[in-house]
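An overview of the molecular structure
Residues per chain, in single letters:
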Amino acid sequence: MGHQILLNLIIAFVWMFLYSDWSPQRFILGYLIGAVLIGLLNRFWEQDFYLRKLWSLIRLLLLFLKELVISSFTVIGQVLRPKLNIRPGIFAYETELKTDWEITVLSCLICLTPGTLTMEVSRDKRTLYIHAMDIEDKETVSRQIKDTFEKAIMEVTRR
């Protein structure tokens, strides 16, 4: 991925040199031309096109922001009620993630989302023990984590 970014920057600067124009508009145009060329020649590289990874990363961040806002309003709603109507609990979550980096990102995303906390990761790195503020059904919460955060992390790291 790094060599694709470097190649794209080189193409953008060569484009600027060819026109003897050092304006940001000329650089952006050269960068876009380089991105199109790299995208067309992508089949010759082992790695996937770097803009796809970047798009997956942006989607992961947007997903986190969406979950952050939704869970924040849920927690605020619970706190402002005169009587708490929650069922806190701890459950074991089986993950398909393999690397330390993937598991750490998932744990951090869970911890940064209000109402949930990753308490521990098992020694075999397959199970996360998660405390949730309100658990109606363990399977529903597990499926939600798998379909959102875990899937988005795998798109960023494995694609």
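All of the points below concern the structure found in this document. No experiment lies behind these values; they were computed from the predicted model shown.

Digging into the overall build of the protein
The number of helices and strands found in the protein is five helices and three strands. Start at the N end of the protein and walk to the C end: the helices and strands fall as α-α-α-β-α-β-β-α. For the protein, whose C-alpha radius of gyration is 22 Å, the value lies well above the compact-globule estimate of 15 Å for 159 residues. Dimensions of the protein along its principal axes, counting C-alpha atoms only, are 70 × 40 × 20 Å. Across the protein, the fraction of contacts at a sequence separation of at least 24, relative to all contacts at a separation of at least 6, is 66%. Carbon and sulfur atoms make up 67% of the accessible area of the protein, which amounts to about 10400 Å² in all. Placing the 19 positive and 17 negative side-chain charges of the protein at their respective mean positions leaves the two points 3 Å apart.

Some words on the pattern of salt bridges
Overall, the coordinates contain 11 salt bridges when judged by the stated rule. Across the salt bridge formed by Arg87 and Glu136, the nearest N and O atoms sit 3.6 Å from each other. With a gap of 49 residues between them, Arg87 in the loop between α3 (50-80) and β1 (89-94) and Glu136 in the loop between β3 (127-132) and α5 (138-158) connect regions that are remote in the sequence. Of the residues examined, Arg87 reaches a relative accessible area of 37% and is grouped as partly exposed. Notably, a salt bridge pairs Glu102 with Arg158, separated by 3.1 Å at the nearest N-O pair. Of this pair, Glu102 sits in helix α4 (residues 100-112) while Arg158 sits in helix α5, and the two are 56 residues apart along the sequence. Under the relative-accessibility criterion, Glu102 is labelled buried at 2%. Its relative accessible area of 40% is what places Arg158 among the partly exposed residues. Residues joined by salt bridges that share partners form a network here, namely Arg87, Asp134 and Glu136.

Focus: α3
With 31 residues, α3 ought to run about 45 Å at 1.5 Å a step, and its terminal C-alpha atoms sit 45 Å apart, in line with that. Taken together, the buried positions of α3 are occupied by Tyr50, Lys53, Ser56, Leu60, Leu63, Phe64, Glu67, Ser71, Val75 and Gln78. Residues of α3 that are buried make contact with α1 (2-19), α2 (24-40), α4 and α5.

Quick look at the nonpolar core
Phe91, Leu106 and Ile145 are the most contacted members of the largest nonpolar core, which totals 21 residues. Looking at this core, the elements with two or more residues in it are α3, β1, α4, β3 and α5. Of all the elements, α5 adds the most residues to this core, at six residues. Not counting chain neighbours up to four residues away, the residues in contact with Leu106 comprise Tyr93, Thr95, Leu97, Leu128, Ile145, Phe149, Glu150 and Ile153.

A look at the packing of aromatic side chains
Here the structure, examined in full by the defined rule, presents five aromatic pairs. The interplanar angle of 70 degrees and the centroid separation of 5.5 Å between the aromatic rings of Phe49 and Tyr50 together place this pair among those described as edge-to-face. With a relative accessible area of 12%, Phe49 lands in the buried category. With relative accessibility at 4%, the residue Tyr50 sits in the buried group. One aromatic cluster in this structure is built from Phe13, Phe27 and Tyr31.

With respect to the packing of α1 against α2
A pair of packed helices is characterised by two quantities: the angle between their axes and the separation of those axes. Between α1 and α2, the shortest axis-to-axis distance is 8 Å and the interhelical angle comes to 130 degrees. Overall, the two elements α1 and α2 adopt an arrangement that is oblique. Every pair of crossing elements has a handedness; the one defined by α1 and α2 is right-handed. Two secondary-structure elements touch here, α1 through Gln4, Leu7, Asn8, Leu9, Ile11, Ala12, Phe13, Trp15, Met16 and Tyr19 and α2 through Arg26, Phe27, Leu29, Gly30, Tyr31, Ile33, Gly34, Ala35 and Ile38. Of the residues contributing to the contact of α1 with α2, the split by class is 14 nonpolar, four polar and one charged.

Conventions and cut-offs
- Residues numbered from 1 in each chain as written.
- Predicted model: local features only at pLDDT ≥ 70, side-chain atom pairs only at ≥ 80, totals over all residues.
- Heavy atoms only, no water.
- Helix = DSSP H or I, 4+ residues; strand = E, 2+ residues; numbered from the N terminus.
- Rg over C-alpha atoms; globule rule 2.2 N^0.38 Å.
- Contact = heavy atoms within 4.5 Å.
- Areas by Shrake-Rupley, 256 points an atom, 1.4 Å probe, with all protein chains shown as cover.
- Lys, Arg positive; Asp, Glu negative; His and termini not counted.
- Charge placed at Lys NZ, Arg CZ, Asp CG, Glu CD.
- Salt bridge = Lys/Arg side-chain N within 4 Å of Asp/Glu carboxyl O.
- Buried < 20%, exposed > 50% of the residue type's maximum accessible area, 1.4 Å probe, protein only.
- Expected span 1.5 Å × (residues − 1).
- Core = buried A, V, L, I, M, F, W, Y, C linked by side-chain atoms within 4.5 Å.
- Phe/Tyr/Trp six-rings, centres within 6.5 Å; stacked < 30°, edge-to-face > 60°.
- Axes fitted to C-alpha atoms, helices over the stretch in contact; angles between N-to-C directions.
- Parallel < 35°, antiparallel > 145°, perpendicular 65-115°, else oblique.
- Left-handed = near helix turned anticlockwise from the far one by under 90°.
- Nonpolar A, V, L, I, M, F, W, Y, C, P; charged D, E, K, R; others polar.

These figures come from the coordinates and say nothing about function on their own.
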